[in-house]
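Residue-level listing of the chains:
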Amino acid sequence: MKLATVSLGTALLVVLSGCSGARSGEPETTGAAVAPPAVDSAPQPVLPEPDLGYNAREGRAVYRHYCVTCHGDEGHGDGFNAYNLDPKPRDLADPEFQAKRTDDDLAAVIRTGGGVAGLSSAMPPWGRTLDERQIGNVVDYIRTLEGAGD
């Protein structure tokens, strides 16, 4: 009885595999074309990035998370939320601005916000969100923006 069951299972397998109409060695088709999954094939622009040290790379990650919405990708004050702000966000890449501010000045504004430093109160204080190491790394990254738009 066991032999008959195996033979019947083997015969069923042979019959079912032959139902597709495909010959041995040919791919099986069902008549309907199957489209490949949709993939965004548009090339993504790749902006050149300066060769950054570890701290500036870490600062870039924090900047991209917290600052880019107002200050923009390259620090020119043209982030997507800049349209809603008056006054507009500072152009951090401006060489004249960079020359006038020390690292401590920049860190103080990041930590306490613009209003405390006599600047725009639209700049929020990040001192309770970011620790001192993160603030210092953001300052290091901001320094790499100097002259980026020239």
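Read on for a plain summary of the structure.

What counts as what
- Residues numbered from 1 in each chain as written.
- Predicted model: local features only at pLDDT ≥ 70, side-chain atom pairs only at ≥ 80, totals over all residues.
- Heavy atoms only, no water.
- Helix = DSSP H or I, 4+ residues; strand = E, 2+ residues; numbered from the N terminus.
- Contact = heavy atoms within 4.5 Å.
- Phe/Tyr/Trp six-rings, centres within 6.5 Å; stacked < 30°, edge-to-face > 60°.
- Buried < 20%, exposed > 50% of the residue type's maximum accessible area, 1.4 Å probe, protein only.
- 1 Å grid on protein atoms, 1.4 Å probe; cavity = no way out; pocket = protein on both sides within 12 Å on 5 of 7 lines; lining within 4 Å.
- Points joined across faces, edges and corners; volume = space filled by probe spheres on them.
- Nonpolar A, V, L, I, M, F, W, Y, C, P; charged D, E, K, R; others polar.
- Axes fitted to C-alpha atoms, helices over the stretch in contact; angles between N-to-C directions.
- Parallel < 35°, antiparallel > 145°, perpendicular 65-115°, else oblique.
- Left-handed = near helix turned anticlockwise from the far one by under 90°.
- Core = buried A, V, L, I, M, F, W, Y, C linked by side-chain atoms within 4.5 Å.

## Observations concerning the side chain of histidine 71
Thinking step 1. Assignment of secondary structure puts histidine 71 in helix α3 (residues 68-71).
Thinking step 2. When near neighbours in sequence (up to four residues on either side) are disregarded, histidine 71 contacts Tyr63, His76, Gly77, Asp78, Gly79, Pro89, Arg90, Leu92 and Met123.

## A few points about the packing of aromatic side chains
The description of two aromatic rings rests on the distance between their centres and on the angle between their planes.
Thinking step 1. By the definition in use, this model includes two aromatic pairs.
Thinking step 2. Between tyrosine 63 and tyrosine 141, the ring centres sit 5.3 Å apart and the planes meet at 55 degrees, which makes this aromatic pair tilted. With tyrosine 63 in helix α2 (residues 54-66) and tyrosine 141 in helix α6 (residues 132-144), this residue pair connects regions lying 78 residues apart in the sequence. Across the pair, tyrosine 141 and tyrosine 63 agree in class, each one buried.

## Comments concerning the layout of surface pockets
Thinking step 1. Empty space within the largest pocket amounts to approximately 500 Å³.
Thinking step 2. Lining the largest pocket are 25 residues, with His71, Arg90, Leu92, Val109 and Met123 positioned closest to its centre.
Thinking step 3. When grouped by side-chain class, the residues that make up the lining of the largest pocket number 18 nonpolar, four polar and three charged.

## Observations regarding the packing of helix α5 (residues 103-112) against α6
Thinking step 1. Orientation of α5 relative to α6, taken along the N-to-C sense of each, is 125 degrees, at an axis distance of 9 Å. It follows that α5 is oblique to α6 by the angle criterion. Read as a crossing pair, α5 and α6 show a hand that is right-handed. On α6, the residues touching Asp103, Leu106, Ala107, Ile110 and Arg111 of α5 are Glu132, Ile135, Val138, Val139, Ile142 and Arg143.
Thinking step 2. Tallied by class, residues from the contact of α5 with α6 come to seven nonpolar, no polar and four charged.

## A closer look at the nonpolar core
Thinking step 1. Core analysis: the largest hydrophobic core is formed by 20 residues, its most contacted members being Tyr63, Leu92, Ile110, Leu130 and Ile142.
Thinking step 2. Among the secondary structure elements, those contributing two or more residues to this core are α2, α5 and α6.
Thinking step 3. Examining the composition of this core, we find that five residues originate from one element, α6, more than from any other.
Thinking step 4. When near neighbours in sequence (up to four residues on either side) are disregarded, leucine 130 contacts Val62, Tyr66, Ile110 and Ile135.

## Side note on the packing of α2 against α6
Thinking step 1. For the pair α2 and α6, interaxial distance at closest approach is 7 Å and the crossing angle is 95 degrees. Classified by the angle their axes make, α2 and α6 are roughly perpendicular. Here Asn55, Ala56, Glu58, Gly59, Arg60, Val62 and Tyr63 of α2 come into contact with α6, specifically with Gln134, Asn137, Val138, Asp140, Tyr141 and Thr144.
Thinking step 2. Class assignment for the residues of the contact of α2 with α6 results in five nonpolar, five polar and three charged.

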